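Examination of the molecular architecture
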Amino acid sequence: MSYISPLSFDLSPTRLNYVGALRGLKPKSPDTAFIYAQTGLFDSETLVCLAASNPQAQFYGVIPNDQLLSYAQKVAKDRMISNISFVNSLDLLPPKLDYLSAEYTQTPPSDAERETLFTTAETKLVPGGYFCFRYRAYENPDQILQFLISEYVPDLSTEQAQEFLEEIKALGSSYFADHPIARTALDKAMESKTPNTFFDACVSKEQDVISGTFETMASLLPRDFSFVGDADFGANYIELAAPAAAHSTLDKCNDHLLYEPIKDFALQRLIRNDVWVKRPVEQTFENSELFGNFTFGITALRDHVPSSVTTQAGTIHLSTPIFTRLIDLMSSMPIGIGDFLHHPAGLGMNPDEVVAAINVLVACDIAQPMRARYEGQKKGDVMRPVWSNNFNALLNTIEISEPTIRLASSVTGSVVTLTAREALVLQAVNRVGLSLCAGSLQPELERLIIKNPTLATQIMEAAEPTDDVVHKIVVNVLTDSMPRWFAYGLLAA
């Protein structure tokens, strides 16, 4: 089992709450009821899965296309997920939304669509509610540079323009590495002290230069919204995300109105993953209040967790005692900060240092914030486990023919992705139980050889599903994955 979660699969409330916590916004209790709505270009099945992962909430999906709307409603009905509704207009969303997410990563919304979207966020989100806006802010990296030049240069003296060239060079190490002609023109302008030759070559006077980032800020700030951060956890840490050459310049302009477009240039970021909050909002600086309600887990196998992570700022070594102990426990099951501090592995450790270490693991995409913990097995037959929710139960009846399968987890509060190999074994276990699962798996592999021979070969690591091959698959998957199926609430024992 892994946690493959492109952001379009995981604009979950847990993710947005965690981004807010990084900025001092006090999160709600994970069991509090809430209303979540999603619009734009999104996968309706994923939203249904998200609803199944958060049974205490009500979900809405806005789909203007009648055919796609009908399909989404059918998915929810087939999966027997009752806490989700699909509508064809933002006007039909209920008031008092706690979360609104919008995805426009392929085609930016029109001016009218954006105005309607922002007005909906303004009028329907509750104070402290989150608005997550994923959108394409620029068509290409050149536009970011052109925007910065058009905004800054007209008011600069010759000396300031020369300094601006130096800052552009520092910020744009990634850009100029990919644009050697621009790099040569920049170096010549700096050497000859004629900055305008570079500026004139970059910006056309006949065309307006637009930053989607700046336009979004200009629209939302007057509507009582505050910018929180990036839904991509790692992008909130300049020292991790931005090239080292840009750090000093970024630090100097941290409070500047154009800081986010400047950061876009340093990161070469065309797609924005903005998280905004509707004011007023409750803030705190106590780590226990900010992070105490989250659990944190590592869904990858312990052996697959790297011993170090290379970032823009250098290498982070994960072999120190605090990292090693956290990784050991989080690879077994989700744990809270208090759980770790009361465990023998965490006794005597400084709570603030533990929080900082966990935040590093999350920023490096090793660990994930989650909404709940594994509470232990209930009374039941472990040899014949049952599904924890209706969304996952459909796995019993479908044909698995894709490399990955998405399942719902009330522990993670978001989508959990299984490999086809894991999903096939899990399907067999739930169909016939542990003792007979090999016999159920074998014909599924034979079917897969016919329909998708490449995937079948990858799963089996052999040409045919012999008894020995099937036995090996079952033993390996159950040994590695079954404890985590319970730990992440995919199964209820």
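Let me begin by describing the structure that accompanies this report. (Residues numbered from 1 in each chain as written. Predicted model: local features only at pLDDT ≥ 70, side-chain atom pairs only at ≥ 80, totals over all residues. Heavy atoms only, no water.)

What follows covers the environment of Ala52. Inspection of the secondary structure puts Ala52 in helix H2 (residues 44-53). C-alpha separation for the pair Ala52 and Phe265, spaced 213 residues apart in sequence, amounts to 38 Å. Residues contacting Ala52, with those up to four places away along its chain left out, are Ile81, Asn389, Phe391 and Ala408. (Helix = DSSP H or I, 4+ residues; strand = E, 2+ residues; numbered from the N terminus. Contact = heavy atoms within 4.5 Å.)

Attention shifts here to the sheet that holds strand S12 (residues 368-370). The strand order across the open sheet formed by three strands is S11-S8-S12, and the pairing between neighbours is antiparallel. Since the sheet does not close on itself, it has two edges, and those belong to strand S11 (335-336) and S12, each with one partner. Alignment of strand S8 (residues 295-297) against S12, held across three bridges, turns out to be antiparallel. Residue pairing across strands places Phe296 opposite Pro369, the latter belonging to S12. (Pairing = 2+ DSSP bridges.)

Turning to the packing of helix H8 (residues 180-192) against helix H9 (residues 195-202), a few remarks are in order. For the pair H8 and H9, interaxial distance at closest approach is 7 Å and the crossing angle is 155°. In this view, H8 runs roughly antiparallel relative to H9, as classed from their interaxial angle. Regarding H8 and H9, the two cross each other, and that crossing is left-handed. Taken together, the residues of H9 that come into contact with H8 (itself represented by Ala182, Ala185, Leu186 and Ala189) are Pro195, Thr197 and Phe198. Per-class residue counts for the contact of H8 with H9 are six nonpolar, one polar and no charged. (Axes fitted to C-alpha atoms, helices over the stretch in contact; angles between N-to-C directions. Parallel < 35°, antiparallel > 145°, perpendicular 65-115°, else oblique. Left-handed = near helix turned anticlockwise from the far one by under 90°. Nonpolar A, V, L, I, M, F, W, Y, C, P; charged D, E, K, R; others polar.)

Of all hydrophobic cores here, the largest spans 70 residues; its most connected members are Phe59, Ile84, Phe86, Phe291, Leu326, Val354 and Leu361. At seven residues, the largest contribution of residues to this core is made by helix H17 (residues 351-363). Beyond its immediate chain neighbours, meaning those up to four positions away, Phe291 contacts Tyr18, Ala21, Leu22, Phe296, Ile337, Val355 and Asn359. By size, the runner-up hydrophobic cluster in this structure holds 57 residues, among which are Tyr60, Leu117, Phe147 and Ile149. (Core = buried A, V, L, I, M, F, W, Y, C linked by side-chain atoms within 4.5 Å. Buried < 20%, exposed > 50% of the residue type's maximum accessible area, 1.4 Å probe, protein only.)

So, about H9. The complete set of buried residues in H9 reads Pro195, Phe198, Phe199 and Cys202. Each buried residue of H9 sits inside an arc of 95° when the element is viewed along its axis, so together they form one side. Turning to H9, the residues buried within the fold contact helix H5 (141-152), helix H6 (158-171), helix H7 (173-178) and H8. (Arc of directions from axis to C-beta.)

The values reported here are purely geometric and, on their own, carry no functional implication.
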